[in-house]
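Structural overview
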Amino acid sequence: MNPCVHPSGYNPDMKPSVFILFLFFLFTSLFANEPITIFHVGDTHSSLEPTLLNLYVDKPLTIKVGGYSALASALKQSKKQKPNSIFLHSGDFFQGTLYFSKFQGIADVSFFNLIGLDAATLGNHEFDRGADLLNTNLFKLARFPILSANINFDFELKITYKQNLKKYQIVKVGKERIGVIGLTTIDTPNISNPGNKIKFLPLVKEVEKSVEELTKCKVNKIILLTHIGLGEDIELAKQISDVDIIVGGHSHTRLGDFTDLGLEFWGEYPTIVKDKLGNKVLIVHAWEWGKVLGAIDVVFTKEGLIEKYNAYPKLVVYKSFLTNQRLSKNKKVLLVDEDLQTNRSLSPYINYISTIKDKLIATAGEELNRGFNQGPGIIIADSMRWKTNTQIALINPGAIRADLSKGKVTVDSLYRVLPYQNSLVVLEMTGKNLIDYLERGINFQIKKYGKTCEQPFVYASGINLFIDPKKSKGKRVLKLELIDKNHGSIPILPDFTYSVTVNDFMVRGGDGYFLHLDSARRKNLPLLDIKVFEEFIQGKTLYNSEKKVFCY
């Protein structure tokens, strides 16, 4: 099939008659520089239901934002005002709530089929359950193109439904032909589960290839639809040319000034970067969970450069939950009712989850926020060591996806905290193995977040870990102690063997935890981290645990 042909059948290589050419140029001269609107979301993470959000408008205020029904209403309302538009998703449909745990992405894909996506890119979490689920629950079911120019699926035979999978898509918006190129983070093998047959290719090279192909198709207005994070978007923009807009995700970044609503300012919407030729690239992100609908009008020159733009991301707020008049008049807020069509479509999923999600498991006696030596991670590590009766337990910070608020801890809370449902593995490790293992995980965190002591390097149980992130790679563990049954401590010895519980993601090398142990020193258990955690905290009141990691 000719890649330059739009699904509608439009082909720029067709030879029009002289009369048609005359009409074409007459029309375009009369209606030149017509703006197109880009609506976008990303990192929706199976968030079918709305989220409570704390604002400050004259006084503290709690509102209900996002979720699929509100997002559908917001999009329909916005498209009526801006019909000359395109709707994009920057990846991570999957993972994060009970809805994914129970329905494996089917609810999400059915919603985005209903709402009408023009294109989506692949996020890392689409790979969490491997190639089989990606194939059957996304590629097979999606009625929208799925884009990623830097992934090679050729050697993964489980990927059989490739008809919706493309490097880029040419989308007709009004009289404009827009090229949309997808990109996925090359860290996916380290932070998800794609297997070793799916290859993630360097970003710049693959962008250049796709831009070249689009140029041959006479497309000079190009959007990158990325799932690589804001920082990577900024660096990428500086290294490429002929790309106008980057619609990004992965970092859950809220761009735009919402400070008058009591929300912290994270960056401009759009963030503007100069490409390697000195031309403007507009970078936009729309936070997470459908809480913000990204929106930007763009006018292009005939050469494909950005002539002007108007940006207006909106916080998606339920009308029925609103009592503050100043908030209701705020132009950064989009007030919506529930969308009845979406509610009917999603009711089988929502009705099922409603029967189980509010079951009380425990109580949080204080805020358990993720961070250095705090939050649910340490308690989860304690539960792993308790269940497996090992000396030590470790869990990577990336496995803990939510905080626990003070008050009720429900089934729904647990699945937000531990959505991946990793299985437990017991390793027999020498002290030297253990220190090397920790060094690799610490190095991963430093590369991602810097040499600050404020980040959670690892959540641990059974040890005292002393580190200096400012030291060189491989020399950051200053001291490692085993906590004995009487809460005393003794040094970890290099040649002694210790029993250590981790999750299967860490065994596979996730978050930098690469380790080669023969099968005799590794025991896979039929235990899921979330079930062990639930059993451990049942009926308890939870508090932040004592300090296990010491940073200098």
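Okay, so let's go over this structure.

The rules behind these values
Residues numbered from 1 in each chain as written. Predicted model: local features only at pLDDT ≥ 70, side-chain atom pairs only at ≥ 80, totals over all residues. Heavy atoms only, no water. Helix = DSSP H or I, 4+ residues; strand = E, 2+ residues; numbered from the N terminus. Rg over C-alpha atoms; globule rule 2.2 N^0.38 Å. Buried < 20%, exposed > 50% of the residue type's maximum accessible area, 1.4 Å probe, protein only. Contact = heavy atoms within 4.5 Å. Areas by Shrake-Rupley, 256 points an atom, 1.4 Å probe, with all protein chains shown as cover. Lys, Arg positive; Asp, Glu negative; His and termini not counted. Charge placed at Lys NZ, Arg CZ, Asp CG, Glu CD. Arc of directions from axis to C-beta. Pairing = 2+ DSSP bridges. Axes fitted to C-alpha atoms, helices over the stretch in contact; angles between N-to-C directions. Phe/Tyr/Trp six-rings, centres within 6.5 Å; stacked < 30°, edge-to-face > 60°. Lys NZ or Arg CZ within 6 Å of the ring centre and 35° of its normal. Polar contact = N/O pair within 3.5 Å; in protein donor to acceptor, adjacent residues only side chain to side chain. Core = buried A, V, L, I, M, F, W, Y, C linked by side-chain atoms within 4.5 Å. Salt bridge = Lys/Arg side-chain N within 4 Å of Asp/Glu carboxyl O.

**Quick word on the overall build of the protein chain**
Check the secondary structure of the protein chain and you find 15 helices and 31 strands. Taking 2.2 N^0.38 as the reference for a compact globule, 552 residues should give roughly 24 Å; the C-alpha atoms of the protein chain span a radius of gyration of 25 Å, in line with that estimate. In terms of its C-alpha atoms, the protein chain occupies a principal-axis envelope of roughly 90 × 50 × 40 Å. For the protein chain, the residues scored as buried account for 57% of the 552 residues in total. Across the protein chain, the fraction of contacts at a sequence separation of at least 24, relative to all contacts at a separation of at least 6, is 75%. Carbon together with sulfur atoms contributes 53% to the accessible area of the protein chain, which is approximately 24,300 Å² in total. Seen as two clouds, the 69 positive and the 57 negative side-chain charges of the protein chain have centres 2 Å apart.

**Digging into helix α8 (residues 230-239)**
Burial in α8 covers these residues: Leu230, Asp233, Leu236 and Ala237. The buried residues of α8 occupy one face: seen down the axis, they fall within an arc of 120°. Where α8 is buried, its residues meet β10 (176-184), α7 (203-216), β12 (222-227), β13 (245-248), β14 (271-274) and β15 (280-285).

**Points about unusual backbone geometry**
A cis geometry characterises the amide bond from Tyr269 onward to Pro270, with omega recorded as 0°. Secondary-structure assignment places Pro270 in the loop between β13 and β14. Phi at Asn373 takes a positive value of approximately 60°, unusual for a residue other than glycine. In the Ramachandran plot, Asn389 falls in the positive-phi region, its phi being about 55° despite a non-glycine side chain. Asn389 sits in the exposed class, given a relative accessible area of 70%.

**Overview of the sheet that holds β14**
Sheet architecture is open: six strands sit in the order β9-β10-β12-β13-β15-β14, paired in mixed fashion. The open sheet has two edge strands with one neighbour each: β9 (168-173) and β14. Taken over all neighbouring pairs, the strand axes of this sheet differ in orientation by 25° on average, direction set aside. In the sheet, β13 pairs with β15 via four bridges, with the strands oriented parallel. Residue pairing for β15: Ile246 is matched across the bridge by Ile283.

**Observations concerning the packing of aromatic side chains**
As enumerated under the stated definition, the model contains 16 aromatic pairs in all. Relative to Trp287, the ring of Trp266 lies with its centre 6.2 Å away and its plane at 90°, an arrangement referred to as edge-to-face. Linking Trp266 in the loop between β13 and β14 with Trp287 in the loop between β15 and β16 (292-300), this pair joins segments that are 21 residues apart in sequence. Trp266 sits in the partly exposed class, given a relative accessible area of 39%. An aromatic cluster of three or more residues is present, and its members are Tyr68, Phe93, Phe111, Phe112 and Phe144. We note Arg254 situated over the ring of Trp266; from NZ or CZ to the ring centre the distance is 4.1 Å. Its guanidinium or amino end placed over the ring of Phe466, Lys479 lies 4.6 Å from that ring's centre, counting from NZ or CZ.

**Remarks on the side chain of Glu288**
Of note, Glu288 is situated in the loop between β15 and β16. At a separation of 2.8 Å, a polar atom in the side chain of Glu288 contacts the side chain of Lys291. With sequence-adjacent residues up to four places away left out, Glu288 is seen in contact with Gly42, Asp43 and His252.

**Remarks on the nonpolar core**
Counting 78 residues, the largest nonpolar core has Phe112, Leu122, Phe153 and Ile537 as its most contacted members. Tallying contributions element by element places helix α2 (residues 68-81) first for this core, with six residues. If we ignore the near neighbours within four places in the chain, the residues touching Ile537 are Ile361, Ala362, Ile379, Val409, Leu414 and Leu542. One finds Val180, Ala237, Val273 and Ile296 within the second-largest nonpolar core, a separate group that totals 46 residues.

**Observations regarding the pattern of salt bridges**
In total, this model carries 20 salt bridges according to the counting rule given. Note that Asp382 is salt-bridged to Lys548, the shortest N-O span being 3.5 Å. Of this pair, Asp382 sits in helix α11 (residues 376-388) while Lys548 sits in the loop between β30 (541-542) and β31 (549-551), placing them 166 residues apart in sequence. Its relative accessible area of 17% is what places Asp382 among the buried residues. Residue class for Lys548 comes out buried when judged on its relative accessible area of 6%. Residues Lys432 and Asp436 are paired through a salt bridge, measuring 3.0 Å at the closest nitrogen-oxygen approach. In this pair, Lys432 and Asp436 both sit in helix α13 (residues 431-449), four residues apart, roughly one turn of the helix. When its relative accessible area of 29% is taken as the criterion, Asp436 is described as partly exposed. Residues joined in a network through salt bridges with shared partners are Lys175, Glu176 and Lys221.

**Comments concerning the pairing of strand β19 (residues 333-336)**
Burial along β19 is two-sided: Val333 and Leu335 and Leu334 and Val336, pointing in opposite directions, are all buried. When strand β18 (residues 314-318) meets β19, the two strands line up parallel, connected through four bridges. By the bridge assignment, Leu315 is partnered in β19 with Val333.

**A closer look at the pairing of strand β17 (residues 306-311)**
Note that β16 and β17 share five bridges and pair antiparallel. If you follow Val298 over to β17, its bridge partner there is Tyr309. Turn length for the β16-β17 hairpin, with the two strands adjacent in sequence and antiparallel, is five residues, and the turn residue Gly304 shows positive phi of about 90°.

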